[in-house]
Amino acid sequence: MEPLLFYRHMSIHAAIEEKGRSALNQIEVSSDLEALDAVRVSVLGKKGSLSEALKQLGQVPPEERPKLGALANEWKAKIETAIEARKEILAAAQIEADLIRTRVDVTLPSRKIHLGSLHPITRTIRKVSDTLGRLGFDVTTGPEVETDFMNFEAVNIPKDHPARDMQDTFFLGPGVVLRSQTSPVQMRTMREKKWPVRILCPGAVYRCDSDATHSPMFHQIEGLWVDKKVSMSDLKGVLDFFAKELFGSHVKIRLRPSYFPFVEPGAEVDVSCALCAGRNPHCQVCKGTGWLEILGAGMVHPRLFELAGYDPSEISGFAFGMGVERIAMLLHDIPDLRLMFQGDQRFLKQF
Ligand SMILES: [Zn+2]
């Protein structure tokens, strides 16, 4: 063998050994998967150091090539094994680090969750709707901006009728008002569908009035039952059931004659004081009278049936209406109406 070739042969041998050992060192110290992959590319890649050394094989005698080739493959296998081993260690370390970084301390106190509660007005509307819903009353709603006709004339309050003085109305423009009662919903329903009708109309109503017992916006629930042979005793039965469900099975109701333009006859309805039943002359709730007024009611005026397109000789019906705030105050012992519109958390949290 020529000295030059021998030298080349030896230098390739040494180069392979040297590159191999260097690669093993780099693998050992690579600190993450990215660095490890960089080592793999720099040694085993197409232009990697081991590949470059093998390209020199063409310069050694053919009989030496298999030995050098075997040596290169041996190193290649060693390096690949080392890379796999290091990869496993680094991946485990990575998982460990992730676990520590995202660890949840289950002993820490949790963040407080603030739950809202239903407003007493919403609760009352739902309670009344649920109670009368069991008697077959369907909840129906209508617009708060109404025509003058629907708000007044359709409930038998003509333009020059003194009943218009009973309430101060917000006029939005010629012939357009903020409804001062929920009665227009009853007329709208009767005009849209044929009898029988059995509905409840809850909603906001508006009047120019504001003091300790009046708010310019408040809520009403009106009920209407129209069918063949509906009588005053049906009305009394429904209201008696309603009062007992709301205030307790021991309460009684009484009807006092009264006037509302849309009913004939009309009555104001009282419920006996659930607290003292009239036995305490100093009762805070009933002021010693033993009775609390809860709603107005009566038999639907035949004029309304005519306006609705019904034949008053065929059918009859009753209607009743109550102030939601008044019922809520009685149910929850709320002393001042204004509490319900101030949005005070300390008040609302109690429900
Ligand atoms: Zn009382």
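It should be noted that the structure appears before, not after, this text.
Residues numbered from 1 in each chain as written. Predicted model: local features only at pLDDT ≥ 70, side-chain atom pairs only at ≥ 80, totals over all residues. Heavy atoms only, no water.

Trainee: So what's going on with the side chain of S180? Which residues, and what values?
Mentor: With respect to the helices and strands, the residue S180 is situated in the loop between β4 (176–178) and α7 (183–192). Look at S180 and you get buried, because its relative accessible area is 0%. (Helix = DSSP H or I, 4+ residues; strand = E, 2+ residues; numbered from the N terminus. Buried < 20%, exposed > 50% of the residue type's maximum accessible area, 1.4 Å probe, protein only.)

Trainee: Kindly report on the coordination of the zinc ion, identifying the contributing residues and their values.
Mentor: Looking at the zinc ion, one finds its protein donor set to be C273 (SG), C276 (SG), C283 (SG) and C286 (SG), positioned 2.2 to 2.3 Å from the metal centre. In this structure, the zinc ion is surrounded by four donor atoms whose angles at the metal cover 102 to 115°, and the resulting shape is tetrahedral. Coordination of the zinc ion draws on donor residues from a single chain, spaced C-x2-C-x6-C-x2-C in sequence. Classification of C283 by relative accessible area gives buried; the value is 3%. (Donors = N, O, S within 2.8 Å, 3.2 Å for Na, K, Ca; no water. Tetrahedral: all angles 85-135°; square planar, octahedral: opposite > 155°, others 65-115°.)

Trainee: Go over the packing of helix α5 (residues 120–133) against helix α8 (residues 232–247) with me, naming the residues and quoting the values.
Mentor: Helix-helix packing is described using two parameters, namely the angle between the two axes and the distance between the axes. For the pair α5 and α8, interaxial distance at closest approach is 10 Å and the crossing angle is 130°. Taken together, the axis directions place α5 and α8 in an arrangement best described as oblique. For the element pair α5 and α8, the recorded crossing hand is right-handed. The segment α5 lies against α8, with K127, V128, T131 and L132 engaging V238, F241, F242, E245 and L246. For the contact of α5 with α8, the per-class residue count stands at six nonpolar, one polar and two charged. (Axes fitted to C-alpha atoms, helices over the stretch in contact; angles between N-to-C directions. Parallel < 35°, antiparallel > 145°, perpendicular 65-115°, else oblique. Left-handed = near helix turned anticlockwise from the far one by under 90°. Contact = heavy atoms within 4.5 Å. Nonpolar A, V, L, I, M, F, W, Y, C, P; charged D, E, K, R; others polar.)

Trainee: Provide a residue-level description of the sheet that holds strand β10 (residues 316–323), including the pertinent values.
Mentor: Spatially, the seven strands line up as an open sheet ordered β1-β5-β6-β10-β9-β8-β7, and their pairing is mixed. Of all strands in the sheet, those with a lone pairing partner are β1 (138–139) and β7 (253–258), marking the two edges. Of the pairings in the sheet, the one linking β7 to strand β8 (residues 263–272) comprises six bridges and is antiparallel in character. What sits directly across from L255, in β8, is V269. Against the sheet, helix α10 (residues 324–332) contacts β6 (217–227), β9 (291–300) and β10, and its axis sits at roughly 60° relative to β10. (Pairing = 2+ DSSP bridges.)

Trainee: A description of the pattern of salt bridges should follow, citing residues and the corresponding values.
Mentor: This structure, assessed with the given rule, holds eleven salt bridges. Across the pair D240 and K244 runs a salt bridge, and its minimum N-O distance is 3.1 Å. You can see D240 and its partner K244 sitting in helix α8, four residues apart, about one turn around the helix. The class for K244 is partly exposed, based on a relative accessible area of 28%. (Salt bridge = Lys/Arg side-chain N within 4 Å of Asp/Glu carboxyl O.)

Trainee: Help me get a handle on the sheet that holds strand β3 (residues 171–173), residues and values and all.
Mentor: The sheet built from three strands is open, its strands ordered β2-β4-β3 with antiparallel pairing. With one partner strand each, in any of the chains shown, β2 (145–147) and β3 form the two edges of the open sheet. Sheet twist, expressed as the mean angle between neighbouring strand axes with direction ignored, is 40°. Here β3 pairs with β4 via two bridges, running antiparallel. Bridging across to β4, F171 finds its partner in V177.

Trainee: Describe the packing of aromatic side chains, and please don't skip the residues or the numbers.
Mentor: Inspection of every chain in the model, using the stated rule, returns six aromatic pairs. When the ring of F137 is compared with that of W225, the centres are 5.7 Å apart and the planes differ by 90°; the resulting orientation is edge-to-face. Taken as a pair, F137 in the loop between α5 and β1 and W225 in strand β6 lie far apart in primary sequence, 88 residues in all. For F137, a relative accessible area of 3% corresponds to the buried category. (Phe/Tyr/Trp six-rings, centres within 6.5 Å; stacked < 30°, edge-to-face > 60°.)

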